[in-house]
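Here's the letter readout for the chains.
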Amino acid sequence: MQQAQICILGGTGFVGRTIVSQLLKKGYRVLILTRHRERHRDLLVYPSLSLIEADIYDPDQLKRNLHDTSVVINLVGILNEARNKRQSFQQAHVELTKTTAEAVAEVGVTRLLHMSASNADPSGPSQYLRSKGMAENFILEHGRKNGYAVTSFRPSVIFGAGDSFTNRFAQLLRSIPLVFPLACPDSRLQPIYVNDVARCFVAALFDERTYGQRYDLCGPRVYTLYEIVSYIAQVIGVKRHIIRLADWQAKLQASALQWFPGKPFTPDNYQSLQVPSVCSEPFPSIFGIDPRPMEDLAASYLQAAPDKLDTLRKSILQ
Ligand SMILES: NC(=O)c1ccc[n+]([C@@H]2O[C@H](COP(=O)([O-])OP(=O)(O)OC[C@H]3O[C@@H](n4cnc5c(N)ncnc54)[C@H](OP(=O)(O)O)[C@@H]3O)[C@@H](O)[C@H]2O)c1
């Protein structure tokens, strides 16, 4: 019998690719809707995967692509806004979630998995967290009222080969000589491994106990940002004097770096770091997972030479 088709929005990204890989291994058919098919051609090697270029903000295009789908997974998210309309928190998190909700209800898809974030809250301290919170509340409520089952996931920062967290710090540590000025050194984080996040998504697919629920997902250990950056420096073998910036210096750094290419740090990122990204409860036992700590895994990909990283990433995904 043919397995169900899972449609993923944002499936070409860091978390998406890991979820895709696990779904394919379980025999599901996967449909990824992307803005840039050519950019992600490498995914076409999988026979059970379809990669379709679509404007997912257009309700008609979205609905047209959902007809043969049993489950929608929405992973679309941005950390920083750009000037273009579809790269605002409101558009990418709130409006897109609403468009997706309406498409799912209209086409008759009965299951949706939603990617939120730790501390997502309509009255949170940053636009990122507020928009994530609004989207999450909306989709859970909409699902309840319209007869489809929603599960929302709220991970702390996610690490793994190809992440933009540990790899970004490794890159900065390598490129900034001698001293490394670190904003928000005392912020507390509980990083979770990308494969563990993906396993939760896959385990939740048709598990009715997860319907209507939100799950905080954290790794086994809490670290300060200072501890994480020191660990990364040690793993990649660079000696840097890491300077703990005072709060006013961190704000100043964010105001300046928001204008740099790629926006390495923004006032909104600063605001997000004001709340600890940690879990108050143990890992949800329903997923049957013992989440792995960063120290078990990060060295293998942080130490890999850039030309080996792609191979390493693929081997981890297989
Ligand atoms: N990474 C973390 O540490 C972390 C922690 C907590 C929560 N999350 C959440 O997890 C989700 C996935 O994160 P990720 O790290 O995998 O992100 P990612 O690598 O940037 O991937 C996100 C994907 O979403 C699509 N996308 C990006 N911006 C978009 C926009 N403005 N409009 C429409 N589509 C857009 C892109 O797909 P196409 O280019 O193919 O269209 C991209 O591949 C996000 O919702 C994020 O907020 C991540």
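Scroll up for the structure.
The text that follows walks through the structure, step by step, so that each part is easy to find. Quick caveat: nothing in here was measured; it's all calculated off a predicted structure. (Residues numbered from 1 in each chain as written. Predicted model: local features only at pLDDT ≥ 70, side-chain atom pairs only at ≥ 80, totals over all residues.)

On to the overall build of the chain. Along its length, the chain carries eleven helices and 13 strands. For 318 residues, the compact-globule estimate of 2.2 N^0.38 gives 20 Å, and the C-alpha radius of gyration of the chain, at 19 Å, lies within 12% of that figure. Its C-alpha atoms give the chain principal-axis dimensions of roughly 60 × 40 × 40 Å. In the chain, buried positions account for 41% of the 318 residues. (Helix = DSSP H or I, 4+ residues; strand = E, 2+ residues; numbered from the N terminus. Rg over C-alpha atoms; globule rule 2.2 N^0.38 Å. Buried ≥ 20, exposed ≤ 12 C-beta atoms within 10 Å, placed from the backbone.)

So, about the site of the ligand. Taken together, the neighbourhood of the ligand is formed by 23 residues, with Gly 10, Gly 13, Val 15, Thr 34 and Gly 77 sitting nearest. In terms of residue count, helix α1 (residues 14-25) provides more of the shell around the ligand than any other element does, three residues in total. (Near = placed C-beta within 6 Å.)

The next point concerns the nonpolar core. The biggest cluster of nonpolar side chains holds 84 residues, and the ones touching the most others in it are Ile 8, Ile 19, Ile 73, Val 197 and Phe 201. Those residues in contact with Ile 73 that sit more than four places away from it in its chain are Ile 6, Ile 8, Ile 19, Leu 113 and Phe 201. (Core = buried A, V, L, I, M, F, W, Y, C linked by C-beta atoms within 7 Å. Contact = placed C-beta atoms within 7 Å.)

Within the open sheet, the seven strands sit side by side as β3-β2-β1-β4-β5-β6-β11. Their pairing is parallel. Each edge of the sheet is formed by a strand with only one pairing partner; in this case those strands are β3 (49-53) and β11 (214-217). Ignoring which end each strand starts from, the neighbouring axes of this sheet average 20° apart. Alignment of strand β5 (residues 111-115) against strand β6 (residues 149-155), held across five bridges, turns out to be parallel. What sits directly across from Met 115, in β6, is Phe 153. Packing against the sheet, helix α3 (residues 89-107) makes contact with β1 (5-9), β4 (71-74) and β5, and its axis sits at approximately 180° to β4. (Pairing = 2+ DSSP bridges. Axes fitted to C-alpha atoms, helices over the stretch in contact; angles between N-to-C directions.)

Examined against the element boundaries, Val 235 turns out to sit in helix α7 (residues 225-236). Residue Val 235 is classed as partly exposed on the basis of its 19 C-beta neighbours within 10 Å. For the pair Val 235 and Arg 209, spaced 26 residues apart in the sequence, the C-alpha separation amounts to 40 Å. With sequence-adjacent residues up to four places away left out, Val 235 is seen in contact with Ala 298, Ala 299, Leu 302 and Gln 303.

Running from N to C, α1 and helix α6 (residues 194-204) point in directions that differ by 55°, and their axes come no closer than 9 Å. Between α1 and α6, the angle is such that the two are oblique. Here α1 and α6 pass one another in a crossing that is right-handed. Between α1, through Phe 14, Val 15, Thr 18, Ile 19, Gln 22 and Leu 23, and α6, the contact on the second element is made entirely by Val 194, Asn 195, Val 197, Ala 198, Arg 199, Phe 201 and Val 202. Here the contact of α1 with α6 is built from residues that sort into nine nonpolar, three polar and one charged. (Parallel < 35°, antiparallel > 145°, perpendicular 65-115°, else oblique. Left-handed = near helix turned anticlockwise from the far one by under 90°. Nonpolar A, V, L, I, M, F, W, Y, C, P; charged D, E, K, R; others polar.)

The subject of this paragraph is the packing of α7 against helix α10 (residues 294-302). For the pair α7 and α10, interaxial distance at closest approach is 9 Å and the crossing angle is 50°. Comparing the axis directions of α7 and α10 gives the class oblique. The interaxial crossing formed by α7 with α10 has right-handed handedness. Seen from α7, the contacting residues are Ile 232, Val 235 and Ile 236; seen from α10, they are Ala 298, Ala 299 and Leu 302. For the contact of α7 with α10, the per-class residue count stands at six nonpolar, no polar and no charged.

Moving on, we get to unusual backbone geometry. The phi torsion at Asn 119 lies on the positive side, around 70°, for a residue other than glycine. Asn 119 gets classed as buried once you count the C-beta atoms within 10 Å, which come to 21. The phi dihedral of Cys 184 falls on the positive side, at around 50°, and the residue is not glycine. Within the fold, Cys 184 resides in the loop between β8 (179-182) and β9 (188-189).

What follows is about α3. Spanning 19 residues, α3 covers 26 Å between terminal C-alpha atoms, matching the ideal 27 Å at 1.5 Å per step. The largest bend in α3 comes to about 30°, at Glu 95. Looking at α3, one finds that the buried residues are Phe 89, Ala 92, His 93, Val 94, Leu 96, Thr 97, Thr 100, Ala 101, Ala 103 and Val 104. In this structure, the buried residues of α3 make contact with β1, α2 (59-65), β4, β5 and α4 (127-146). (Expected span 1.5 Å × (residues − 1). Bend = angle between axes of the 7 residues up to and from the residue.)

Another point: the pairing of β1. Strand residues, when the strand is regular, have side chains that alternate between the two faces of the sheet. Within β1, four of the five residues are buried, which leaves it mostly tucked inside the rest of the structure. In the sheet, β1 pairs with strand β2 (residues 29-34) via five bridges, with the strands oriented parallel. Its bridge partner being in β2, Gln 5 is matched across the sheet by Arg 29. In this structure, β1 lies alongside β4, joined through four bridges in parallel fashion. When the bridges of β4 are listed, Leu 9 appears paired with Asn 74.

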